[in-house]
Amino acid sequence: MFKILRKEILGPEMVLMELAAPNVAKTAEPGQFVVVRVYEKGERIPLTIADFDRTKGTVTIVFQKIGKTTHLLGTKNEGDALADVFGPLGNPTEIESFGKVVVVGGGIGIAPIYPISRKLKSKGNRVISIIGYRAKDYVFWEEKMRSVSDKLLISTNDGSYGEKGFVTDVLKRVLEEEKDIERVFTIGPAVMMKAVADMTRPYSIKTIASLNSLMVCGMGMCGACRVTVGGETKFTCSDGPDFDAHLVDFDELMKRLNIYKEEEKLSFEKWKEEVK
């Protein structure tokens, strides 16, 4: 069992949990994920590691309550325990001294891009961070991102905080102003990562996207997380989750993400009736 040491509400339906998971924390690296199970017979869900502390033996996850399992996870409190925290899984983000880099995070994707930015900064890179939220109420980890960035740019869809618009609006200006960007990293909704890739492609700037495909086993055996990259089938869990964004078939990814929307909705509605 994995004890919840800290729980924090970051915004509407957004939750942070710090978990006691010493074996995971021992080898975790930025870009990797864990598979979490709330109770013994529950659904297994992948969550990217938002932070880790090897000394304390903890890993931090940040999630948005959308369906049944994330809402169920959100009902757990400090002192409660989860049945499984399995990991670290996936390949760490490849980080070295590139020079000037841009990280682009949207919504919940800002949490897992934080440890990537931190390591990029520790390697001597000049880090320009662009983070975007739906509105001011959804803003979280601004100061954490500022602490690992040479420049931090914030946008909200409605203009209630920072610049009005999408992260791609800000990215467009940065690409025009900064002429020596060596790499771009992006994490967020698939449609956002696709837009980032489309924007950086004409500049021939290598762009890395952390994919969020459907996943079951997390170890490359079931094939549920398959994606097409450069015309080849890859598994997000074992080959990724990071891929060259210019080679990813985002249209296929987004279609696959919506395959079970109706079933997910029915499961959530049934659960809500059961807990009334």
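Higher on the page you've got the structure.
Here the structure is a predicted model, which means the values were calculated and not measured.

1. Some thoughts on the side chain of Lys 100
Checked against the element boundaries, Lys 100 lands in strand β8 (residues 100-106). The exposure class assigned to Lys 100 is buried, which follows from its relative accessible area of 12%. Reaching out from Lys 100, the side chain makes a polar contact with the side chain of Asp 180 at a distance of 2.7 Å.

2. Focus on helix α5 (residues 167-177)
Three or more residues of α5 are buried, namely Val 167, Thr 168, Val 170, Leu 171, Val 174 and Leu 175. The arc that holds every buried residue of α5, seen down its axis, measures 150°, which confines them to one face. Contact partners of the buried residues in α5: β8, β9 (126-133), β10 (151-156), β11 (163-164), β12 (181-187) and α6 (190-200).

3. Topic: the layout of surface pockets
Of the voids in this model, the second largest pocket is the one considered here, and its volume is about 220 Å³. What lines the second largest pocket is simply Asn 91, Pro 92, Glu 94, Arg 183, Lys 206, Ile 208, Asp 239, Gly 240, Pro 241, Asp 242, Phe 243 and Asp 244. Contributing elements (two or more residues each) for the lining of the second largest pocket: β13 (206-210) and β16 (242-244). With three residues, β16 is the largest single contributor of residues to the lining of the second largest pocket. Residue composition of the lining of the second largest pocket, grouped by class: four nonpolar, two polar and six charged.

4. Some details on unusual backbone geometry
With an omega dihedral of 0°, the bond running from Gly 87 to Pro 88 counts as a cis peptide bond. The topology assignment puts Pro 88 in strand β7 (residues 84-89). Of note, the bond from Gly 240 into Pro 241 is cis; its omega dihedral lies within 30 degrees of zero at 10°. Mapped onto the elements of the fold, Pro 241 is located in the loop between α7 (236-239) and β16. Positive phi values are uncommon outside glycine, yet Ser 204 reaches one of about 55°. For Ser 204, the position within the fold is in the loop between α6 and β13. Given a relative accessible area of 65%, Ser 204 falls into the exposed group.

Cut-offs used in this document
Along each chain, numbering runs from 1 in the same order as the chain's sequence is written. In keeping with the model being predicted, local features are shown solely for residues with a pLDDT of at least 70 and side-chain atom pairs are shown and tallied solely at 80 or more, while totals for entire chains, interfaces and linings include all residues. Based on all heavy atoms of the structure, the side-chain values leave hydrogens and waters out of the count. Elements are defined by DSSP. Helices are runs of H or I of four residues or more, strands are runs of E of two residues or more, and each kind is numbered from the N terminus. To sort residues, take the accessible area from a 1.4 Å probe on protein chains only and compare it with the maximum for the residue type: under 20% means buried, over 50% means exposed, and anything in between is partly exposed. The definition of a polar contact used here is a pair of N or O atoms within 3.5 Å, where within protein one atom must be able to donate a hydrogen and the other to accept one, and adjacent residues in sequence count solely through side-chain atom pairs. It is the directions from the helix axis to the C-beta atoms that the arc portrays. Note on contacts: a residue pair qualifies if any of its non-hydrogen atoms lie within 4.5 Å across the two residues. Buriedness for pockets is judged along seven lines, at least five of which must meet protein on both sides within 12 Å for an open set on the 1 Å grid over protein atoms alone, while cavities are sets there where a 1.4 Å probe fits but cannot get out, and lining residues have an atom within 4 Å of a point. Grid points are joined across faces, edges and corners, and a volume is the space filled by probe spheres set on the points. Lys, Arg, Asp and Glu make up the charged group, whereas Ala, Val, Leu, Ile, Met, Phe, Trp, Tyr, Cys and Pro make up the nonpolar group; the residues left over, Gly among them, are polar.

Any functional reading would require information that these geometric values do not contain.
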